[in-house]
Amino acid sequence: MRDYRSERLEKYLDDLAAKLPAPGGGSVVALVGALGVGLLSMVSNFTLGKENYRENEEEIKKILRRSENLRKRLTELVDEDIRVYDRVSTAYKLSRLTDKEREVRSKAMEKACKQALTVPMEVARYCAEGLDLARRLVEIGNVRLVSDVGVAAGLLEAALKGAELNVKINLKVIEDKNFVEEKIREVGILVENRLKIRDEILGKTEEKIGNS
């Protein structure tokens, strides 16, 4: 199994654009989320130690620790999504010539898709948390890098929406209605205010750029 974390960026992009089953959208949203929280880490690092921001230094340190934890896990999920997709792909390829084979295939697909859901659900949770970090960082971070917080907000919102789409597409083949309703509700809570939060951050970003 390929580990894109140790590959050149060009290789990942070439494989993404090629006629290959993976990487695909699920892997991409994890990467976009990692880029978003990576920007938050950068802004935090350029805020720490500055006299003008000393008052909020401890909070900035907490934001940095959390954004780095999120970045590490989201980067892992870039490859993890490819691995879980392989299980779904294997289930789809099972024979369905007889009733028994169709039953086995259906159960295998449901199991694989339930497992595959864990990645976009994680991505959604982490990107929602990243947006909350950005919401605070735009207020107390280094104003010279406020545009980077705005960029991070845009990336995290897009990745959060993308993760929701990946959750929903996997749910299409799952017959367990209670499971489906639970996941729809769970991801719905995460994405509910994403646009409002993004726009709030971008509005503050524009305001600070205009006043700088």
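Above this text is the structure in question.
Attention in this report is confined to the structure presented alongside it.

Definitions and cut-offs
Residues numbered from 1 in each chain as written. Predicted model: local features only at pLDDT ≥ 70, side-chain atom pairs only at ≥ 80, totals over all residues. Heavy atoms only, no water. Core = buried A, V, L, I, M, F, W, Y, C linked by side-chain atoms within 4.5 Å. Buried < 20%, exposed > 50% of the residue type's maximum accessible area, 1.4 Å probe, protein only. Helix = DSSP H or I, 4+ residues; strand = E, 2+ residues; numbered from the N terminus. Expected span 1.5 Å × (residues − 1). Bend = angle between axes of the 7 residues up to and from the residue. Contact = heavy atoms within 4.5 Å. 1 Å grid on protein atoms, 1.4 Å probe; cavity = no way out; pocket = protein on both sides within 12 Å on 5 of 7 lines; lining within 4 Å. Points joined across faces, edges and corners; volume = space filled by probe spheres on them. Nonpolar A, V, L, I, M, F, W, Y, C, P; charged D, E, K, R; others polar. Axes fitted to C-alpha atoms, helices over the stretch in contact; angles between N-to-C directions. Parallel < 35°, antiparallel > 145°, perpendicular 65-115°, else oblique. Left-handed = near helix turned anticlockwise from the far one by under 90°.

**Some remarks on the nonpolar core**
Alright, step 1. Judged by nonpolar contacts, the single largest core of 56 residues is most densely connected at Leu40, Val123, Val149 and Ile201.
Alright, step 2. Mapped onto this core, the elements with two or more residues apiece are helix 2 (25-45), helix 3 (57-92), helix 4 (99-116), helix 5 (118-140), helix 6 (146-171), helix 7 (177-191) and helix 8 (194-211).
Alright, step 3. With 13 residues, the single largest contributor to this core is helix 5.

**Points about helix 3**
One turn of an α-helix holds 3.6 residues; hence residues three or four places apart share an orientation.
Alright, step 1. In this model, helix 3 (36 residues) spans 52 Å end to end at C-alpha, consistent with the 52 Å of a helix rising 1.5 Å per residue.
Alright, step 2. Along helix 3, the largest kink reaches about 35° and is centred on Val78.

**Some words on the environment of Glu59**
Alright, step 1. Along the chain, Glu59 falls in helix 3.
Alright, step 2. Sequence spacing of Glu59 and Arg136 is 77 residues, and the spatial spacing of their C-alpha atoms is 9.5 Å.
Alright, step 3. Ignoring any residue separated from it by four or fewer positions in sequence, one finds Glu59 in contact with Arg136 and Ile140.

**A word on the side chain of Glu157**
Alright, step 1. Relative to the elements of secondary structure, Glu157 occurs in helix 6.
Alright, step 2. When near neighbours in sequence (up to four residues on either side) are disregarded, Glu157 contacts Leu131, Arg194, Leu195 and Arg198.

**Section: the layout of surface pockets**
Alright, step 1. One number sums up the size of the largest pocket: a volume of about 280 Å³.
Alright, step 2. Taken together, 18 residues form the lining of the largest pocket, with Tyr85, Val88, Asn166, Ile169 and Asn170 sitting closest to its centre.
Alright, step 3. Counting residues per element, the ones that place at least two in the lining of the largest pocket are helix 2, helix 3, helix 4 and helix 6.
Alright, step 4. Broken down by element, the lining of the largest pocket gets its largest block of residues, 5 residues, from helix 3.
Alright, step 5. Of the residues in the lining of the largest pocket, the class split is 12 nonpolar, 5 polar and 1 charged.
Alright, step 6. As a volume, the second largest pocket reaches approximately 230 Å³.
Alright, step 7. If you go around the second largest pocket, the residues you meet are Tyr4, Arg5, Glu7, Arg8, Leu9, Tyr12, Leu31, Ala34, Leu35, Arg71, Thr75 and Val78.

**Side note on the packing of helix 2 against helix 3**
Alright, step 1. Where helix 2 meets helix 3, the axes come as close as 8 Å, and the angle between the chain directions of the two elements is 160°. With respect to helix 3, the axis of helix 2 lies roughly antiparallel. Between helix 2 and helix 3 lies a crossing whose hand is left-handed.
Alright, step 2. For the contact of helix 2 with helix 3, the residue count by class is 13 nonpolar, 9 polar and 3 charged.

**Topic: the packing of helix 5 against helix 6**
Alright, step 1. Contact geometry for helix 5 and helix 6: axes closest at 8 Å, N-to-C directions at 160°. Relative to helix 6, helix 5 is oriented roughly antiparallel. The element helix 5 and its partner helix 6 pack so that their crossing is left-handed. For the pair helix 5 and helix 6, contact is made by Pro120, Met121, Val123, Ala124, Cys127, Ala128, Gly130, Leu131, Ala134, Leu137 and Val138 and by Val146, Val149, Ala153, Leu156, Glu157, Ala159, Leu160, Ala163, Asn166 and Val167, respectively.

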